Amino acid sequence: KNPTTTMSYPPNNMPVPGGPSGMPVPGGPGGMPPPPGGGPGGVPGQPGQNDSYFTESRKGEVNELRQLLRTFGTERDKQKKRDIMKKVIAYMTLGIDVSRLFTEMMLAIETRDLVIKKMVYLFLCNYADTHPDLAQMCTNTLVKDCGNEDPMVRGLALRSLCSLRLPQMIEYTSEPLRRSLQDGHAYVRKTGVMGILKMYHLNKEEFDKAAFNDILYEMLRDPDPSVITNCIFVLNEIQAEVGGMALNRAVMLHLLNRIHEFSEFGILAVLDLIPRYIPANDEEGFQIMNLLDPVLKTANAGAVVATIRAFLSIATAIGKRPGDDRDDDSPSVEDLSKQVVTRIKAPLVTLIASGSSELSYVLLKYADQLIDLCPGIFDDEYRQFYVKYSDPTHIKHSKIRLLAKLANPNTAPDIVAELGELVTDADETLGRIAVRSMVNIALNGSGGEGALESIGRRLVEMLDLQGISHVTSEAATALAALVRRNESIKPVISAPLPRALKYINEPAGKASIIFLLGECGEDITEAPYALEKVIDSYDNIESASVKTALLSATVNLFFSRPPEVQHMLGRLLKKATEDMSSQDLHDRALFYYRLLRSSPDPTVAKSIISKSMAMTASQFAEEDDSELRAALMDEFNTLCTVYRCKPENFIEEENIVPFVKLPTEHPLAAAAPVVDQGVNTITDQMNGASLTDGYGAAPAPAPQPAPSGEVDLLGFGFDDPAPAPAPPATNVIQSLSLKTSLSLSGEDYQSKWGSVPDSEAIVISGLPMGSAPPSTDVVEGALSAFSVFTMASGELPAEFKFFLYAQEDSGCYFLIQAVALKQPSSLNLTIKPVGGDADPNKRKEKIGQLVELIKSALGLC
């Protein structure tokens, strides 16, 4: 062949890639497969083809999409329309600038397909920051959609309008937001609440002018719990600088009475408020605990831990402290805390055993904190903290550390045996932690009589595990700590020390063995000779800690065996004073040298040096973390527990939310009992106190004292004191005229009950009963004599339940759900008035009379 001949490409005899004889494969240029979906621009065609939209774009792809979007209005296939939109969103997600399609996308917004509309909204929000001029073009469309008849469209449009986050959009956002808060659909209302938060971060001045803060407090009465949940989160973020949303008795009672309606997410929002609330008195604190007790039965670990924190905060608030002028029978903070930990022990241990590894690790951290708070409570559950083969490493480490804290004279033998099995584990860190946990049991004295000697012998046996260097080193360090704390153990550990010095190589372990030879030198014949070999190899020692331990041990041994040690001590002091590798070592050697040379009486030097080595405190300084533990209890259920440090160590100061407890003053006196006739009602408590009490507003005034003979049954207060005493209670009951003959079907009862929102129901809890009724017939007979009839009734293991009804002569129905608890004997009522007088004051008065009638019928007056 002629090398200068040029060849055309492709050669005449070479087929074009893609098909036989150079024929391209149909569906793509050059034999390339068609774009995903088979259509132009990658629009999916026939079903069953690859529907992946996240593929590389080809040149001109955006222009092809523009052509498709221009025919969008005439396309009748809904799926093809969606596929076109998906391709646009896929390109946008890949970082391709498709803002050139803004006009075409705006034309596509006029559709009833929620999927397409949502993708168009996503497109608009994505390019709002980078193309604010284009974003303003869609304002009218979004505002129009905020008034759409479909609540989903209204909510999506409002969310997109608030997500534009452009300062010039504030004037268009305020009015749709205000309308959304009064929308009939809960989805729109809760979206509006979150939109308020976006507006707050965008323009705080306009937010204040619109008075949205007060509106959010009013919306805490919303019948939908998801709306209330959003209100709580938004208020907490808006008022983060002052500690979060304002709290008072009315707000807390309202939220707690409805906590069973909330989702798990909403329950957490309510529970996080309780540590900031100060109960009015002990009885209210116990009532709150009783309301929250069922939450401990949930499978949600977050709710359980939040309830634990709420219980502990209430115990701290109502418990008796030293110096309090309270009855001797009042429980102290410590007693209440122990009761709380005892109650939550079983749910917490169950969650630890049944959760994922990540969840179990966090719960183990909380358990560790509670064990430190109330030692001994978890001791009987020590087997639940045994290490399992399938446990991840971090779970094993946490469990081993906890086992040492669960030891008592009864459990210590089993725990020490379990730790002894883990010492030789393949995980080096695990073995070290097991040795440390074992020695902690001995140091704390929690193992009972004989535990110190037993653990000491186990550690001595570990010194002979020559093949496992980290265990022998850790055992030597543990024995040194035991000797410093309790010298009576010296005879138990003395024998193997010279032998162990030969094969322990880790600096920490070698330094500990040398220290022990100095302390136990009187009982070990070969101690001076073992140290002399180390002194001879002084120049080969690199660790300063080993050199310092050698110096201290040799000086200490000199006072007990001077003839054998004198010469080698002199050599050691000469080398140590000339050693400049460690300033501490040099200064210590110089001090010993001058002290021994200047003191005519060796006993003086001995007293000084021996005292400096003795352990006089009950614990080591580094073990005293009481201040940190107290600080962590205030931050329970936060990352502080997991990180085991204060928030300022990992959160910037300006981002730390202050912890403010409210209310500063209660409308109830500190010693006043809780008004059990109506303390848990919703409507009356909300009317009786301002929602904004506690931040800049004066506390709600205490209700006027009731005139003689008149009872403020539901806690509404009295507008004007009556000039004369009210008539007796019997006359009050007689003023409520009920029909003596009445019949109501089950369907009518259910229909009337459902017609009244739960937020308008009157709930009265805790009416005391002398004893539980013997049967439902007794209660039904007593109430029917007063024209209160029974629709249905039944007996449960812990309570009697009745569905009652009555009708006033004026036509107003009273539908009543009564629950009579057996232990403690008390009556709870939920009353819904249907029809009759629309005046709320008159309606409240009649309900009060009805309650008095029921109490009289059941003998509760």
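Residues numbered from 1 in each chain as written. Predicted model: local features only at pLDDT ≥ 70, side-chain atom pairs only at ≥ 80, totals over all residues. Heavy atoms only, no water.

Q: I'd like a description of the overall build of the protein chain, backed by residues and values.
A: Counting its regular elements, the protein chain contains 38 helices and five strands. By sequence separation, contacts in the protein chain at least 24 residues apart represent 63% of the contacts at least 6 residues apart. Total accessible area on the protein chain stands at roughly 42800 Å², and carbon and sulfur atoms take up 52% of it. (Helix = DSSP H or I, 4+ residues; strand = E, 2+ residues; numbered from the N terminus. Contact = heavy atoms within 4.5 Å. Areas by Shrake-Rupley, 256 points an atom, 1.4 Å probe, with all protein chains shown as cover.)

Q: Summarise a nonpolar patch on the surface; cite the residues concerned and give the values.
A: Residues Leu639, Tyr643, Phe650 and Ile651 make up a contiguous nonpolar surface patch of roughly 350 Å² in combined accessible area. Positionally, Ile651 belongs in the loop between α33 (639–643) and α34 (683–688). (Patch = residues over 30% accessible without salt bridge, like charges linked within 9 Å, V, L, I, M, F, W, Y side chains within 5 Å. Salt bridge = Lys/Arg side-chain N within 4 Å of Asp/Glu carboxyl O.)

Q: For the nonpolar core, give the residues involved together with the corresponding values.
A: Most often, soluble globular proteins have nonpolar side chains that are buried together. Residues Phe123, Phe378 and Leu459 are the most contacted members of the largest nonpolar core, which totals 200 residues. Per-element tally for this core: the top contributor is helix α16 (residues 301–318), with 12 residues. Setting aside chain neighbours within four positions, we find Phe123 in contact with Val88, Ile89, Met92, Val98, Ser99, Leu101, Phe102 and Met105. Judged by nonpolar contacts, the second largest core, of 28 residues, contains Met769, Val779, Ala806 and Ile847. (Core = buried A, V, L, I, M, F, W, Y, C linked by side-chain atoms within 4.5 Å. Buried < 20%, exposed > 50% of the residue type's maximum accessible area, 1.4 Å probe, protein only.)

Q: Report on the sheet that holds strand β1 (residues 762–768), specifying residues and quantitative values.
A: Ordered by their spatial adjacency, five strands build an open sheet running β1-β5-β4-β3-β2, and the pairing between neighbours is antiparallel. The sheet is open, and its two borders are formed by β1 and β2 (789–795), each paired with just one other strand. Shown here is a sheet whose adjacent strand axes are inclined to one another by a mean of 15°, direction ignored. Pairing between β1 and strand β5 (residues 826–834): five bridges, direction antiparallel. Residue pairing for β5: Ile762 is matched across the bridge by Ile831. Where helix α36 (residues 746–755) meets the sheet, it contacts β2, β3 (799–807), β4 (813–821) and β5, and its direction lies at approximately 90° from that of β4. (Pairing = 2+ DSSP bridges. Axes fitted to C-alpha atoms, helices over the stretch in contact; angles between N-to-C directions.)

Q: Account for the pattern of salt bridges, naming residues and giving values.
A: Tallying each qualifying case throughout the model produces 33 salt bridges. For Arg258, the salt bridge goes to Glu261, with nearest N and O atoms at 2.9 Å. On the basis of relative accessibility, which here comes to 29%, the residue Glu261 falls in the partly exposed class. One salt-bridge network, held together by shared partners, links Glu428, Arg432, Arg436, Glu474 and Glu506.

Q: Could you give me a rundown of a negative patch on the surface, with the residues and numbers involved?
A: Residues Glu648, Glu652, Glu653 and Glu654 make up a contiguous surface patch of negative charge. Within the fold, Glu652 resides in the loop between α33 and α34. (Lys, Arg positive; Asp, Glu negative; His and termini not counted. Charge placed at Lys NZ, Arg CZ, Asp CG, Glu CD.)

Q: Describe the packing of aromatic side chains, naming the residues involved and giving the relevant values.
A: Aromatic rings considered in pairs are described by the distance between their centres and by the relative angle of their planes. Throughout the structure, instances matching the rule amount to 13 aromatic pairs. Arranged with centres 5.1 Å apart and planes meeting at 75°, the rings of Tyr200 and Phe207 form a pair that is edge-to-face. On the basis of an interplanar angle of 70° and a centroid distance of 6.4 Å, the ring pair of Tyr749 and Tyr805 is categorised as edge-to-face. Placement of Tyr749 in helix α36 and of Tyr805 in strand β3 is noted, with a sequence separation of 56 residues between them. For the pair formed by Tyr749 and Tyr805, the shared burial category is buried. In this structure an aromatic cluster arises from ring pairing among Tyr749, Trp753, Phe789 and Tyr805. Geometry around Tyr813 places Lys752 over its ring, the cationic atom sitting 4.5 Å from the centre. (Phe/Tyr/Trp six-rings, centres within 6.5 Å; stacked < 30°, edge-to-face > 60°. Lys NZ or Arg CZ within 6 Å of the ring centre and 35° of its normal.)

Any functional reading would require information that these geometric values do not contain.
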